[in-house]
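The residues making up each chain are set out below.
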Amino acid sequence: MDAASVIPTLRAKDYKSDVVPVWCPGCGHFGVLSAVTKALAYLKLPKERVALISGIGCSARLPAYVGAYGFHGVHGRALPLAAGLKAARPDLTVLVAGGDGDGFSIGGNHFLHACRRNMDMAYIVMDNEVYGMTKGQASPTTRPDWAKSKLTPHGTGIRPFQPAAIALAAGASFIARGYSGDPGGLTRLIVEAIEHPGFGFLHVLSPCRTFRPEQSDWKHQVHRSDKGPTDDPAEAAHSIQADDGMTLGLLYARRLPVWQPDNRATATTADLEGAFVV
Amino acid sequence: MSDRLSQRIESVAELLVHALELEHQSAECYRQLAQALAVHHNHAAAALFGLLADMSDARASAVMARAEGVSLPEIAPWDFKWPAAGSPQIDCDHVEISYLMTPLQALEVCLDKETLGREFYVLVASESPAAGVRVLAAEMAEERRERVELILTWIRGERGVATRVPEDLDPPNLPG
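Residues numbered from 1 in each chain as written. Chains lettered and ligands numbered in written order. Predicted model: local features only at pLDDT ≥ 70, side-chain atom pairs only at ≥ 80, totals over all residues.

Some points on the overall build of chain A
Here is the rule we go by: Helix and strand definitions follow DSSP, with helices as H or I runs of at least four residues and strands as E runs of at least two, each counted in order from the N terminus. The globule rule used here is 2.2 Å times the number of residues to the 0.38 power, and the radius of gyration it is set against is calculated over C-alpha atoms. Buried residues are those with 20 or more other C-beta atoms within 10 Å of their own C-beta, exposed residues have 12 or fewer, and partly exposed residues lie in between; C-beta atoms are placed from the backbone. What counts as a contact here is a pair of residues whose C-beta atoms, placed from the backbone, lie within 7 Å.
Within chain A, the regular secondary structure consists of 10 helices and eight strands. The C-alpha atoms of chain A give 19 Å as radius of gyration, which agrees with the globular expectation for 278 residues (19 Å, within 12%). The C-alpha extent of chain A, read off along each of the three principal axes, is 65 × 55 × 40 Å. Sorting the 278 residues of chain A into buried and exposed places 48% on the buried side. Taking the intrachain contacts of chain A between residues at least 6 apart in sequence as the baseline, contacts between residues at least 24 apart amount to 70%.

Set out below in structure tokens:
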């Protein structure tokens, strides 16, 4: 451990905004917010060089609570918004935040193509297996036998979406899983996702206290991987398919070409105006 | 919480950084709960967490004063030597936290957090190979014990009054 000043340029709390979160007391998303601010402080990123983009949902409120640039977009469209921003401003550190409904249902198509496009950004999905903002309906990751919603009183009967396996199949270059109750480990994964050159997909288990109180047991179910990350997609496919969905850590990381459009100007404004003259 | 540290704390400077982090996280966690409960109109429980947040801020200032002139190491968030994942301050998931919690339940959460914090210092005081660290950790454990005692006093007082369960103005849309 190197001796240095205890006061870094900015502390984690300096990355928080003045907006008071409206999440329920005990919500797992508080742990994610804390980990995001710690990661930004650890990386010493200037606030004006960071942008958080989100869609809709409880988790999508995250950008409001971070004192960097933010954009609270429309449902399921956080990833294309972020892609547009990164295309125009490759100098920015772009983080995307959302939940399991926003990311895997409404925005499911964008998720697939963001994985294969591999733009340099980090995507943090806070998965609580429920639509909380609309008061408790089954989401894509809900188990088929969850019968605690008035809309699905006998459960959905549908096998849940498998985020890590689908990300891998869609060509993602970085797949990790964290837990909001493990802020140190989650902070490290966020740092790694930001530092990864390409699309860093971070699946975060983040319990919903109000609609899924039984998820407090996740604390006893999560466990660390007994092996390190692999860069072999076949090996990753095998371990992710065999996994119980509660393994924490970096599961897969591989260097793949990062897509970034060439932003060099090919025409002047006068050229463009000339093209539109009737 | 585990009954062992993930690694032993070997210097006073390292202990001070852990103490600072513990108090900062404590203040942050209490303040988050206070704000979230206020948003949900549970002002009685919010006031208690707000008070504990202020007390943790004061403790952080005291640790900073004690650290004056000491060259403190910078520790990555995941390299702290807590006995469990996260700091003892956030390791309270087994306690029910709800927007409908009563003042008594709020105090029980505080008691749990303060007890875990005290246990951390007790572990350091018994496991560190450095005599100076053991002495300072024992002092900090004693200070934490005083806070635990204070909260226990409040709990006894709260048990003596009628339970104040907040009204649920917007109940979850779950089958009865």
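Points about the overall build of chain B
Within chain B, the secondary structure is distributed over four helices and zero strands. Put simply, chain B runs from its N terminus to its C terminus through helices and strands in the order α-α-α-α. In chain B, which comprises 176 residues, the share counted as buried stands at 40%. A separation of at least 24 residues holds for 78% of the contacts in chain B among residues at least 6 apart in sequence.

Quick look at the confidence of the model for chain B
Where we set the bar: Residue-level confidence of the predictor is summarised by pLDDT, bounded by 0 at the bottom and 100 at the top.
With 89% of its residues at a pLDDT of at least 70, chain B reaches an overall mean of 88. Reported confidence for the predicted complex is 0.87 by ipTM and 0.91 by pTM.

Focus on the sheet that holds strand E6 (residues 199–205) of chain A
Residue and element names in this part refer to chain A. Just so we agree on the cut-off: Strands are treated as partners if at least two bridges between them are detected by DSSP. All axes here are fitted lines through C-alpha atoms, helices being fitted over the stretch that makes contact, and every angle between N-to-C directions spans 0 to 180 degrees.
Within the open sheet, the eight strands sit side by side as E2-E1-E3-E4-E6-E5-E8-E7. Their pairing is mixed. Strands at the two margins of the open sheet, each flanked by one partner only, are strand E2 (69–72) and strand E7 (223–224). Here five bridges tie strand E1 (residues 50–54) to strand E3 (residues 93–99), and the two strands are oriented parallel to one another. For serine 54, the partnering residue across the bridge sits in E3 and is alanine 97. Across the face of the sheet, helix H7 (residues 183–195) comes into contact with E3, strand E4 (121–127), strand E5 (174–179), E6 and strand E8 (247–253) while running at roughly 160° to E5.

Concerning the interface of chain B and chain A
The criterion, for reference: Note that Gly is not counted as nonpolar here; it falls among the polar residues with everything else outside the nonpolar set of Ala, Val, Leu, Ile, Met, Phe, Trp, Tyr, Cys and Pro and the charged set of Asp, Glu, Lys and Arg.
The interface is formed by 29 residues belonging to chain B together with 36 residues belonging to chain A. Across the side of chain B that touches chain A, the residue classes break down as 19 nonpolar, seven polar and three charged.

As for the packing of helix H1 (residues 12–39) of chain B against helix H2 (residues 43–66) of chain B
Residues and elements named next belong to chain B. This is how the line gets drawn: By definition in this entry, angles of less than 35 degrees are roughly parallel, angles greater than 145 are roughly antiparallel, angles of 65 to 115 are roughly perpendicular, and the rest are oblique. Left-handed is the label given to a crossing in which the near helix is rotated counterclockwise from the far helix by less than a right angle, and right-handed is the label when the rotation is clockwise.
Put simply, H1 and H2 touch, their axes get as near as 8 Å, and they point 160° apart. Relative to H2, the element H1 is oriented roughly antiparallel. Of the two elements, H1 crosses H2, and the hand of that crossing is left-handed. Of the residues assigned to the contact of H1 with H2, the class counts are 17 nonpolar, five polar and five charged.

Brief notes about the environment of A:Leu43
Residue and element names in this part refer to chain A. Tracing the backbone through its elements, the reader meets leucine 43 in helix H1 (residues 29–43). Put simply, leucine 43 and leucine 202 are 159 residues apart on the chain and 17 Å apart in space, counted from C-alpha to C-alpha. In this structure leucine 43 touches Val191 and Ile194, once residues within four positions along its chain are discounted.

Section: the packing of H2(B) against helix H3 (residues 103–127) of chain B
Residues and elements named next belong to chain B. Direction vectors running N to C along H2 and H3 enclose 25°, while the axes themselves pass 8 Å from each other. Between H2 and H3, the interaxial angle falls into the category roughly parallel. The handedness of the crossing between H2 and H3 comes out as right-handed. Along its contact with H2, which presents Ala44, Ala45, Leu48, Phe49 and Leu52, the element H3 presents Pro103, Ala106, Leu107 and Cys110.

Considering the nonpolar core
Side chains of nonpolar character tend, in soluble globular proteins, to be buried together. Put simply, the test is: The nonpolar core criterion groups buried Ala, Val, Leu, Ile, Met, Phe, Trp, Tyr and Cys residues into a set whenever they are joined through C-beta atoms within 7 Å.
Core analysis: the largest hydrophobic core is formed by 94 residues, its most contacted members being A:Val96, A:Tyr123, A:Ile124, A:Ile190 and B:Phe49. Setting aside chain neighbours within four positions, we find A:Val96 in contact with A:Ile53, A:Ala78, A:Leu79, A:Ala82, A:Met121, A:Ala122, A:Tyr123 and A:Ile124.

What to know about unusual backbone geometry
Residue and element names in this part refer to chain A. Of note in the backbone geometry, lysine 44 takes a positive phi value of approximately 55° without being a glycine. The topology assignment puts lysine 44 in the loop between H1 and E1. In this structure lysine 44 comes out as exposed when scored by C-beta crowding, with 9 C-beta atoms within 10 Å. Despite not being glycine, asparagine 118 shows a phi value in the positive range, around 60°. Looking at the element boundaries, asparagine 118 is found in the loop between helix H5 (108–117) and E4. Look at asparagine 118 and you get buried, because 21 C-beta atoms sit within 10 Å.

Considering the environment of A:Gly185
Relative to the helices and strands, A:Gly185 resides in helix H7. Here the alpha-carbon distance between A:Gly185 and A:Leu248, two residues 63 residues apart in the chain, equals 8.5 Å.

Here's the deal with helix H4 (residues 131–159) of chain B
All names here are of chain B. What counts here: To estimate the expected span of a helix, subtract one from its residue number and multiply by 1.5 Å.
Across its 29 residues, H4 extends 42 Å between first and last C-alpha, which sits within 8% of the 42 Å expected from 1.5 Å per residue. Among all positions in H4, only Val133, Leu136, Ala137, Met140, Arg144, Arg147 and Ile151 are buried. In this fold, the buried residues of H4 make contact with H1 and H3.

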